[in-house]
Amino acid sequence: MLSIELALFTAVNATAATPAGVVTAARWLSQGFPILAGLLVAAGLAFGSPRLRQALMLSLVAVVVAWCAARGIRAWVPMPRPGQLGLGVQWIEHGVRAGFPSMHATGAFALAQGLALGLHRRHAPWQWLAFGLAAAVAWSRVCLGVHFPADVLAGALTGCASALFARALLRHALSWRGRSSAYWFRPARPSARRT
């Protein structure tokens, strides 16, 4: 492990001297905010404008792609979490499984990048808010001692790349939508013979 990463982890990981409000905020961002985000996405899909619904659908596809990508990376590069190495203070209970990349950071950044790609530029404040909340979720995972900074950075990159891939995938799928009719597969009529 790089000394700079260990120094960053030590600086961000909450200790007994950290104010209780900081730990409470980190816990809410890590455990409560994903539930709230899910409810907001569901409300947006049910009651939002067509453009918002389209952006949210892109974001949901991005989250699924990101989840699959993160699972694959974890299987390929099974890096331990800080608690498994006896480092830092863990403020929430967590299972013993690979931590690279952070699934929370991956999902949060996939959602934010999906919204950024799907919304109009005039909605830039909402896009910045989404990225700010994704960064806060990533911070919370390090603050609570369940991830290293590299885990959340890899999660952010995986999430953003997954959203770009999801957009390309959806564009490709939609480009084939009109070609699936029976008429598309019908052979061309023979041309009239010249006399």
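Draft legend 1. Geometry of the overall build of the chain. When its secondary structure is counted, the chain shows 7 helices and 0 strands. Listing every helix and strand of the chain by position from the N terminus yields α-α-α-α-α-α-α. The buried share among the 195 residues of the chain stands at 34%. At a minimum sequence separation of 6, the contacts of the chain that also span at least 24 residues come to 79%. Counting every atom, the chain has about 12,000 Å² of accessible surface; 68% of that belongs to carbon and sulfur.

Draft legend 2. Spatial organisation of a nonpolar patch on the surface. Residues Leu2, Ile4 and Leu8 make up a contiguous nonpolar surface patch of about 330 Å² in total accessible area. The topology assignment puts Leu8 in helix 1 (residues 3–12). According to the relative accessible area criterion, Leu8 is partly exposed, its value standing at 46%.

Draft legend 3. Local environment of the side chain of Gln113. For Gln113, the location among the structural elements is in helix 4 (residues 103–118). On the accessibility criterion, Gln113 (15% relative accessible area) is buried.

Draft legend 4. Structural detail: helix 3 (residues 50–76). Here helix 3 contains 27 residues, and its C-alpha end-to-end distance of 39 Å stays within 8% of the 39 Å for a straight helix at 1.5 Å per residue. Those residues of helix 3 that fall on the buried side of the exposure criterion are Ala55, Leu56, Leu58, Ser59, Ala62, Val65, Ala66, Ala70 and Arg74. On its buried face, helix 3 is in contact with helix 2 (20–47), helix 4 and helix 6 (149–175).

Draft legend 5. Representation of the side chain of Thr158. Along the chain, the position of Thr158 falls in helix 6. A distance of 2.7 Å separates a polar side-chain atom of Thr158 from the backbone oxygen of Ala154. Beyond its immediate sequence surroundings of up to four residues, Thr158 is in contact with Ala66, Ala69, Ala70, Ile73, Pro101 and Thr106.

Draft legend 6. Main features of the packing of helix 5 (residues 124–143) against helix 6. The geometry of helix 5 relative to helix 6 is characterised by a closest axis approach of 9 Å and an angle of 150 degrees between their N-to-C directions. Viewed along their axes, helix 5 and helix 6 adopt a mutual orientation that is roughly antiparallel. Helix-helix and strand crossings are classified by hand; for helix 5 and helix 6 the assignment is right-handed. Residue-level inspection shows Phe131, Ala138, Arg141 and Val142 of helix 5 in contact with helix 6, the latter providing Pro149, Val152 and Cys160. Of the residues in the contact of helix 5 with helix 6, the class split is 6 nonpolar, no polar and 1 charged.

Draft legend 7. Layout of the nonpolar core. Grouped together as the largest cluster of nonpolar side chains are 21 residues, with contacts concentrated most on Phe109, Leu115, Ala134, Ala138 and Val152. Counting only elements with at least two residues in this core, the list comes to helix 2, helix 3, helix 4, helix 5 and helix 6. It is helix 4 that contributes the most residues to this core, 6 residues altogether. With sequence-adjacent residues up to four places away left out, Leu115 is seen in contact with Ala55, Leu56, Ser59, Gln127 and Ala130.

Draft legend 8. Representation of helix 6 within the structure. Across its 27 residues, helix 6 extends 39 Å between first and last C-alpha, which sits within 8% of the 39 Å expected from 1.5 Å per residue. Here helix 6 has its buried residues at Pro149, Asp151, Val152, Ala154, Gly155, Ala156, Thr158, Gly159, Ser162, Ala163 and Ala166. On its buried face, helix 6 is in contact with helix 1, helix 3, helix 4 and helix 5.

Draft legend 9. Expanded view of unusual backbone geometry. In this structure, Pro101 follows Phe100 across a cis peptide bond, with omega equal to 0 degrees. Inspection of the secondary structure assignment puts Pro101 in the loop between helix 3 and helix 4.

The rules we used
Residues numbered from 1 in each chain as written. Predicted model: local features only at pLDDT ≥ 70, side-chain atom pairs only at ≥ 80, totals over all residues. Heavy atoms only, no water. Helix = DSSP H or I, 4+ residues; strand = E, 2+ residues; numbered from the N terminus. Buried < 20%, exposed > 50% of the residue type's maximum accessible area, 1.4 Å probe, protein only. Contact = heavy atoms within 4.5 Å. Areas by Shrake-Rupley, 256 points an atom, 1.4 Å probe, with all protein chains shown as cover. Patch = residues over 30% accessible without salt bridge, like charges linked within 9 Å, V, L, I, M, F, W, Y side chains within 5 Å. Salt bridge = Lys/Arg side-chain N within 4 Å of Asp/Glu carboxyl O. Expected span 1.5 Å × (residues − 1). Polar contact = N/O pair within 3.5 Å; in protein donor to acceptor, adjacent residues only side chain to side chain. Axes fitted to C-alpha atoms, helices over the stretch in contact; angles between N-to-C directions. Parallel < 35°, antiparallel > 145°, perpendicular 65-115°, else oblique. Left-handed = near helix turned anticlockwise from the far one by under 90°. Nonpolar A, V, L, I, M, F, W, Y, C, P; charged D, E, K, R; others polar. Core = buried A, V, L, I, M, F, W, Y, C linked by side-chain atoms within 4.5 Å.

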